[in-house]
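The residues making up each chain are set out below.
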Amino acid sequence: MKHILLAAAFAAAMTGGAAAQTVRLGTEGAYAPWNFVNDAGEVDGFEIELGNELCVRAALECEWVVNEWDTIIPNLLAGNYDAIIAGMSITDERKETIDFSDNYYPPDPSKFAVAGDSAVDFDAMSGLKIGVQGATIQAAYAEATFGAGNTILSFETADQSIADLSAGNVDVVLADGGYLDPIVNASGGALKIAGPDVMIGGGVGAGLRKDDDELEGKLNAAIAAMKADGSLNELIVKWFDPPNTF
Amino acid sequence: MAGERESSVPPAHRDSDNGFWKTALSLGEPADRSHEGAQCGVRPLDWLIDIFGEDLGFWLGYLGNGKHLAWYASFRFTILAAIFGALIGLGFGLGGAGLLRARFRPLRIAGLAYANIVRGVPDVLFFLFFPLAFEQLVEWLISTQVCSPEAVAARAGSWPPCMEANWFLSTTEYLILASVSLGIVYGAFTANVINGAMNAVPKGQLEAARAYGFSRNQVFWRFQVRQMWIYALPGLSNVWMLLIKSTSLLSLLQIPDIVLWAERLGAPNFVPTAGLVHPDWRWRYYLVLFVFYIILTFLSERGFAWLRERVGRGVVAEG
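Residues numbered from 1 in each chain as written. Chains lettered and ligands numbered in written order. Predicted model: local features only at pLDDT ≥ 70, side-chain atom pairs only at ≥ 80, totals over all residues. Heavy atoms only, no water.

Each helix and strand counted, chain B has 13 helices and zero strands in total. When the helices and strands of chain B are listed from N to C terminus, the series reads α-α-α-α-α-α-α-α-α-α-α-α-α. The burial tally for chain B puts 43% of its 319 residues in the buried class. When contacts within chain B are restricted to residue pairs at least 6 apart in sequence, long-range pairs at least 24 apart make up 69% of them. Working note: accessible area of chain B is about 16700 Å², and carbon and sulfur atoms make up 65% of it. (Helix = DSSP H or I, 4+ residues; strand = E, 2+ residues; numbered from the N terminus. Buried < 20%, exposed > 50% of the residue type's maximum accessible area, 1.4 Å probe, protein only. Contact = heavy atoms within 4.5 Å. Areas by Shrake-Rupley, 256 points an atom, 1.4 Å probe, with all protein chains shown as cover.)

In structure tokens:
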């Protein structure tokens, strides 16, 4: 009898949990202005505001989970959260393991940042130390393109790569333009953008588990609605300088 | 929101001779800092600024902002993990010592296996292994009840077998698992310490007690166990110190503990919208953790000295 009761309570807990389930959104919290922890100790940024708005429009109960970048895909698959909203570019390689929503940020050129007085010759890059954040599209690109004659250094967070650039430990940092621009602008000439823009990645979207078609549909509908009424562009203009709108 | 915080500049760095940061930081330098309190989550007390000048007010605002309050609050995870880890460890230690001293051979072998294997495995490894293995065991057990074969087939090769079987671990669950991990690891050390201490109680006293007519049970509890603590305490205080040190591993289990926050707060920040602009300050934050652990060690020493005196009361020390 006791067992049956326990089993019933257990089943009720499981199904009850499914009905009122909150959708957990995984983010890095260390990639301003996309996502970061603000002075109130809460996650904030373009994607946080966007994610909250998407949840409102899709009538979902949402909750943010902060997870380090290098384990952000494995922990999505393990079910620690249901979507990655962390400035993740849509790539074919990632699509082998996860699905993406439609992009909510257009394809953004990656840029090279160097010290203000640097004279790196981008036509003949060799013997350079190139800093990237590990497990990013830039890391894969740098490895494939410059790996032969240069040293590629992977950092846990993008900010660490900039810290090492400003300390002179690396010669070049390759990262998203939307991330680099405000930093270079704020550096007062200590850093500058140099060399060619590189187009990698197909825009930024929310990463989802492959079998989670329901959430994908809801998010896509909400993203489409925000694109249609211009509110997505408003958000982009609010958070990015210069903005890269649709 | 973005514009309001543009004046996040640490005053100490205004005259830094570090070239890049001088330029980087002077950019956002405010002409008038009277409104600055608003930008730091919690408003610094204006009267303090009047008395001590604006630099102190600035730092109060910085150290009192929500990010830092979250850091201070996260010390509770470390302290809770240490306390519960120690209690669980003591339980495992007493149990393990019981096994080690068992008359029945297989139990003794089980005790030996526990004490030696767990002591040999690096605590970091065990810390990563145990919660993960336990989580997957639970998920597997759930999956045998709730997963339909189709759902399992659809997710072939991935874990959990079906999403219904997913067990979400929040900070609370991780904290419990972390405490249990600490308990198991340091229980193995404790078992050894207690076993040794039991052996250290002079045989002559136990025999004398028997001769006076105390039963076996009474001799065990009133003489051996009672005096065992005196011999065990120095060893236990050592185990406690090791356990305290291991509490710095909590962030491995995604618990936003003091180490994780120190790393986050100390990480360089370049964009005024994201808070105070500063270079890599991690060592400063780690230094605070150093001091915290040193204070904890000092307090523990005092605590154990007091305990030793207490359990030693009324017992004639014997070499």
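Quick look at the pairing of strand S1 (residues 23-27) of chain A now. All names here are of chain A. Summarising burial for S1: five of the five residues are buried, a large majority. Going residue by residue along S1, you find Val 23, Leu 25 and Thr 27 tucked away on one face and Arg 24 and Gly 26 tucked away on the opposite face as well. Of the pairings in the sheet, the one linking S1 to strand S5 (residues 62-66) comprises five bridges and is parallel in character. In the sheet register, Gly 26 faces S5, and the bridge partner there is Val 65. With two bridges connecting them, S1 and strand S6 (residues 83-84) associate as parallel partners. Looking at the pairing, Leu 25 lines up with Ala 83 of S6. (Pairing = 2+ DSSP bridges.)

Quick look at the interface of chain B and chain A now. Contact residues are listed per partner, giving 37 residues for chain B and 36 residues for chain A. Summed over both partners, the interface of chain B with chain A comes to about 3000 Å²; 58% of that surface belongs to carbon and sulfur atoms. Linking chain B with chain A are zero salt bridges. Broken down by secondary-structure element, the contributors of at least two residues to the side of chain B that touches chain A are helix H1 (19-27), helix H4 (66-73) and helix H12 (258-266) of chain B. The dominant element in the side of chain B that touches chain A, judged by the number of residues it contributes, is H1(B), at five residues. (Buried area = accessible area lost by both parts, 1.4 Å probe. Salt bridge = Lys/Arg side-chain N within 4 Å of Asp/Glu carboxyl O.)

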